[in-house]
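As a plain string of letters, each chain reads:
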Amino acid sequence: MKKQTLQLELEPSLIGGDLGNAIETARKGVKAGARILHLDVMDGHFVPNLTIGPDIIGRIRESVHEDVILDVHLMIYNPDKYVEKYVEVGCQEITFHIEATEDVRFLIDYIKKCNCMPGIALKPESSVELIIPYLKDLDKILIMTVEPGFGGQSFMGDMLEKVRILSAYKKKYNFTYDVQVDGGINYDTGLESVKAGATRLVCGSFFYKQPDLKGAVEKFHSYREV
Ligand code: DX5
Ligand code: ZN
């Protein structure tokens, strides 16, 4: 699959809205102008919370336009066992946490073989050094700006150093990955992240609280000019 994005994109995170009505929540994000939906999958082990799985995500796939990119963020152990299920239901981007698998190289190659785009996520305690050997093979690096597991937490500004480092590597070596920030994003922290080099902003609770969702997507996308 050819990489489609490089310009800044706002991704609504469905767990920030009404997850009991996930299809409607997905549609609201798309109607507001988002091209990518962020789907948080949790297993109750890797993180102390449970969310949605392939069945619901498959329903979301059927409910939004085929051009909408489904970006699945796996916060689960043994992600290799489940990749195929998310591919089958129509996800185009699959991100896993580096600590969740024993064979990172295998998993990157496997996701690519499935015609999907691989990403690696780093928890706040995980350093950038861990992913250096994989940078040229990744489509996305997800920097957690909160502890994974729950929406509605406060942004950890010191994570922006990782964004700066990865953005600098990208320029220096012509890498093609997006740098995504996830957790505590609002208009201010989103802008700070873009200035540090982020090209994907995941936004859950702040986004779905806005009275004008279309205006919110437009405001975040206006940071393309920064
Ligand atoms: C947390 C998830 C996030 C979460 C962000 O583990 O990865 O995607 O939805 O939510 P907010 O934007 O509310 O911090
Ligand atoms: Zn996420």
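A brief report on the enclosed structure follows.

What counts as what
- Residues numbered from 1 in each chain as written.
- Chains lettered and ligands numbered in written order.
- Predicted model: local features only at pLDDT ≥ 70, side-chain atom pairs only at ≥ 80, totals over all residues.
- Heavy atoms only, no water.
- Donors = N, O, S within 2.8 Å, 3.2 Å for Na, K, Ca; no water.
- Tetrahedral: all angles 85-135°; square planar, octahedral: opposite > 155°, others 65-115°.
- Buried < 20%, exposed > 50% of the residue type's maximum accessible area, 1.4 Å probe, protein only.
- Salt bridge = Lys/Arg side-chain N within 4 Å of Asp/Glu carboxyl O.
- Helix = DSSP H or I, 4+ residues; strand = E, 2+ residues; numbered from the N terminus.
- Lys, Arg positive; Asp, Glu negative; His and termini not counted.
- Contact = heavy atoms within 4.5 Å.
- Near = heavy atom within 4 Å.
- Polar contact = N/O pair within 3.5 Å; in protein donor to acceptor, adjacent residues only side chain to side chain.
- Areas by Shrake-Rupley, 256 points an atom, 1.4 Å probe, with all protein chains shown as cover.
- 1 Å grid on protein atoms, 1.4 Å probe; cavity = no way out; pocket = protein on both sides within 12 Å on 5 of 7 lines; lining within 4 Å.
- Sits in = over half its atoms within 2 Å of the grid points.
- Nonpolar A, V, L, I, M, F, W, Y, C, P; charged D, E, K, R; others polar.

What follows covers the coordination of the zinc ion (ligand 2). Reference values for coordination geometry: four tetrahedral donors around a metal ideally subtend 109.5 degrees, six octahedral donors ideally subtend 90 or 180 degrees. Protein ligation of the zinc ion (ligand 2) involves His-38 (NE2), Asp-40 (OD), His-73 (ND1) and Asp-182 (OD), the donor distances falling in the range 2.0 to 2.2 Å. The coordination sphere of the zinc ion (ligand 2) comprises 6 donor atoms, whose angles at the metal cover 69 to 167°; the geometry is octahedral. When its relative accessible area of 0% is taken as the criterion, His-38 is described as buried. Owing to a relative accessible area of 5%, Asp-40 belongs among the buried residues under this scheme.

Below, the discussion takes up the pattern of salt bridges. Within the structure shown, the criterion is met by 13 salt bridges. For Arg-200, the salt bridge identified is with Glu-93, shortest N-O distance 2.8 Å. Here the residue Arg-200 occupies a position in strand 8 (residues 200-203), and Glu-93 occupies one in strand 4 (residues 93-97), the gap between them amounting to 107 residues. We classify Arg-200 as buried; its relative accessible area is 1%. In this structure, Glu-218 and Lys-214 form a salt bridge, with 3.4 Å as the shortest nitrogen-oxygen distance. Within this pair, Glu-218 and its partner Lys-214 are both found in helix 8 (residues 213-221), separated by 4 residues, close to a single helical turn.

Turning next to the side chain of Lys-162. Within the fold, Lys-162 resides in helix 5 (residues 160-173). For the buried Lys-162, no salt bridge exists, and the shortest N-O distance to an oppositely charged side chain is 7.8 Å, to Glu-99. Apart from residues no more than four positions distant in its own chain, Lys-162 is found in contact with Leu-122, Lys-123, Pro-124, Ser-126, Val-128 and Ile-143.

The environment of ligand 1 is formed by 20 residues, the closest being Ser-13, Gly-149, Gly-152, Asp-182 and Ser-205. Taking Asp-40, its side chain carries an N or O atom lying 2.8 Å from an oxygen atom of ligand 1. In this structure, an oxygen atom belonging to ligand 1 sits 2.7 Å away from a side-chain N or O atom of Asp-182. Starting from 380 Å² of accessible surface for ligand 1 in isolation, the protein chains cover 100%. Judged by the fraction of its atoms near the pocket grid, ligand 1 is located in the largest pocket. Elements represented by at least two residues in the shell around ligand 1 include exactly strand 2 (36-42), strand 3 (69-75) and strand 8. Top element by residues in the shell around ligand 1 is strand 2. It accounts for 3 residues. Split into classes, the residues belonging to the shell around ligand 1 amount to 8 nonpolar, 10 polar and 2 charged.

Functional significance is not addressed by these values, which are geometric in nature.
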